[in-house]
Amino acid sequence: MLTQNQIELIHQEIDGANSPQQSAAFRTLVEQNPEARTLAAELRSVTLTLDQAGQRDPPPRLREAILAALAERGRVRSTWWDILSDPVKAILEGGRHMTRKTIFIGGTAVAAVVIIVAGALTGFPPAFYKAGTIGGIGGVEQAARYRGRAMTEADVTLKNPEIQTLLQNEQVLALVKSDAFREIMQSASFHTLQANSTYRALIANNAYQQLQASDLYQQLRGTAAFHELQTNAAYQQLEANKAFRDLEAQGAFQQVQSAAAMHQLEANIAYRDIVASAAYQQLRGSAAFTAMQSNGAFQRLAASAVYQQLQASPAFRALEGSAAFQQLQSSNAFQQLQSSMAFQQLQSSAVFQALSQNAALSQLFMQQVMQKN
Amino acid sequence: MRQFLDGDREAANGLVDRYQKRLYNLALRMTGDVLDAEDITQTVFLNAFLKLSTYDPRFKFFSWIYRMTVNESLNVLKRRKPSVTLEGGPEMPVAESAPDRSAEAEDRVRKALLGLGPNDRAVVVLKHFLLFSYQEIADVLEIPVQTVKSRLYEARERLRLILHEKIEEPC
């Protein structure tokens, strides 16, 4: 029969509230006492069950309903609110602001008005893959000459002055004749990505170029766990959160093994929110996440400015999670090309960008190149 | 906070953004009902606004607003008819893509929590869903830390028995 003190020791250990001495006493207790061991295991199972339930997102209408109710009280005012609230005031004033029906109708009406007005004023939502933008990262222009019309086979000839200029560079010529380049030019993933304006914007971005050139990234992109993590939806969702990126950069999710670090982290409200989120609850069951959090190279990469900058971009995260990007990143041939200056030069060429979006034109280009002495 | 006290709309937006999810989850876990949780969250923000004059800035704002949420949840539970206490409310929301297993787990947690007394449930929710420390729970509920511990341990013991099916699950 366990004493009250022993039961309290077990509960406190579960809560991470024991001192190092108490934790040592706990370990001794569970090693020596089967009843204590069973209780500790079952209580851990209870806390795990509760943790897995996590926090739920409130319905979007709730925020609007709260703000509408506050505004109705007449003390919280703004020009924006006055503009947006007029059409729904009649509905809201039809009953008390606290009824569920009113919340639903008023909240939905406010949301609809907000969307319509915001759409009219800002043009939002924009096309996701709008040329030259990847969520705040500077982009590149599409091939100006071929904009507005499709590039044809007639354009892919050594007589084309743009192609001539390109191939006059001996390093570029050597590159395009290499096995690695030929392999990539036959890759459907490469054509898919080249046709993606977000990807083209990305390859022109300094942070991305630095990331690709970094030893850490080159080391990690060959690992299955890294790939798996990058395509994990919960991870992508969390990477959108700056607090998560900061905590990850500090190795916070690895530190939870240590009771002292855990106590420190528990005082951090952002950490609590993250840990309580449904996305984190999904992610923490991922072996890839666990493996990466204890991987020194990944920790250093996560702490790097370029990784943080890129992960802050929604478009980059979307791209990173795409099958084509993953496939290409894990290709040895592509890795070889990525480290080549000539390839970067080629990638920045408008004519190459235009032709490489199409498999048939790419093949024709390669035939032309191979005929050239 | 000062700006909110002065009736600034941007500050009000900021406070709603910062607290609505946590208050909603507190109310949701306390009542097990999404519509009650919405009502409670809205009521709490309105009451916070109306009772600003009674707020003492020497104390933490978060303790004050969480305390109001717990109290409002307890009021809602008291007003409920016993026949609808456990089964009357809509199901807990589960992520759209979540498999059935997740919905089952969610339902299991909901029922287990409703098997606790409201005061014990408040301690469990603050500890496990909002990740508060013993001291923070004591501040919110205005009870001694030792009482927090004893309530939490007793509640977890009961949850252990419910979840491990050593006693009958409440409905």
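Definitions and cut-offs
- Residues numbered from 1 in each chain as written.
- Chains lettered and ligands numbered in written order.
- Predicted model: local features only at pLDDT ≥ 70, side-chain atom pairs only at ≥ 80, totals over all residues.
- Helix = DSSP H or I, 4+ residues; strand = E, 2+ residues; numbered from the N terminus.
- Buried ≥ 20, exposed ≤ 12 C-beta atoms within 10 Å, placed from the backbone.
- Contact = placed C-beta atoms within 7 Å.
- Nonpolar A, V, L, I, M, F, W, Y, C, P; charged D, E, K, R; others polar.
- Core = buried A, V, L, I, M, F, W, Y, C linked by C-beta atoms within 7 Å.
- pLDDT = per-residue confidence, 0-100.

Engineer: Help me get a handle on the overall build of chain A, residues and values and all.
Structural biologist: When you go through chain A residue by residue, the secondary structure sums to 29 helices and two strands. The proportion of buried residues among the 373 residues of chain A is 32%. Long-range contacts, defined here as pairs at least 24 residues apart, represent 76% of the contacts in chain A between residues at least 6 apart.

Engineer: Hey, could you go over the overall build of chain B for me, with residue numbers and the actual values?
Structural biologist: When helices and strands are counted, chain B shows eight helices and zero strands. Across chain B, helices and strands are ordered from the amino to the carboxyl terminus as α-α-α-α-α-α-α-α. Looking at chain B as a whole, 43% of its 171 residues qualify as buried. The long-range share in chain B, meaning contacts at least 24 apart out of those at least 6 apart in sequence, stands at 65%.

Engineer: How would you summarise the interface of chain A and chain B if you had to cite specific residues and measurements?
Structural biologist: Accessible area lost during the coming together of the parts is what is often quoted as the interface size. At the junction of the two partners, chain A supplies 39 residues and chain B supplies 36 residues. Going through the elements one at a time, α1 (4–14), α3 (34–53), α4 (60–72), α6 (100–122) and α19 (269–276) of chain A are the ones with two or more residues in the side of chain A that touches chain B. Broken down by element, the residue count for the side of chain A that touches chain B peaks at nine residues, all from α3 of chain A. Residues that form the side of chain A that touches chain B fall into these classes: 21 nonpolar, six polar and 12 charged.

Engineer: Residue-level account of the nonpolar core, with values.
Structural biologist: Core analysis: the largest hydrophobic core is formed by 115 residues, its most contacted members being Ile66 of chain A together with Leu26, Ala27, Val123, Val125, Leu126 and Ile137 of chain B. The dominant element in this core, judged by the number of residues it contributes, is helix α2 (residues 9–31) of chain B, at 10 residues. With sequence-adjacent residues up to four places away left out, isoleucine 137 of chain B is seen in contact with Val123, Leu126, Lys127, Phe132 and Val148 of chain B.

Engineer: So what's going on with the environment of phenylalanine 365 of chain A? Which residues, and what values?
Structural biologist: All names here are of chain A. Locating phenylalanine 365 in the fold gives a position in helix α29 (residues 359–371). Among the residues examined, phenylalanine 365 registers 25 C-beta atoms within 10 Å and is labelled buried. Note: C-alpha distance between phenylalanine 365 and glutamate 153 (212 residues apart in sequence) is 9.1 Å. Excluding its chain neighbours within four sequence positions, the residues that come into contact with phenylalanine 365 are Val156 and Leu355.

Engineer: Describe the confidence of the model for chain B, and please don't skip the residues or the numbers.
Structural biologist: All names here are of chain B. Put simply, chain B has an average pLDDT of 80, and 74% of its residues get 70 or more. Averaged pLDDT values over the elements of chain B bottom out at 59 in helix α1 (residues 2–5) and peak at 94 in helix α6 (residues 118–128). Under a pLDDT of 50 for its full length, residues 83–99 has, in the predicted model, 22 contacts with residues more than four places off or in other chains. Here the complex is predicted with pTM 0.48, and the ipTM for its interfaces comes to 0.81.

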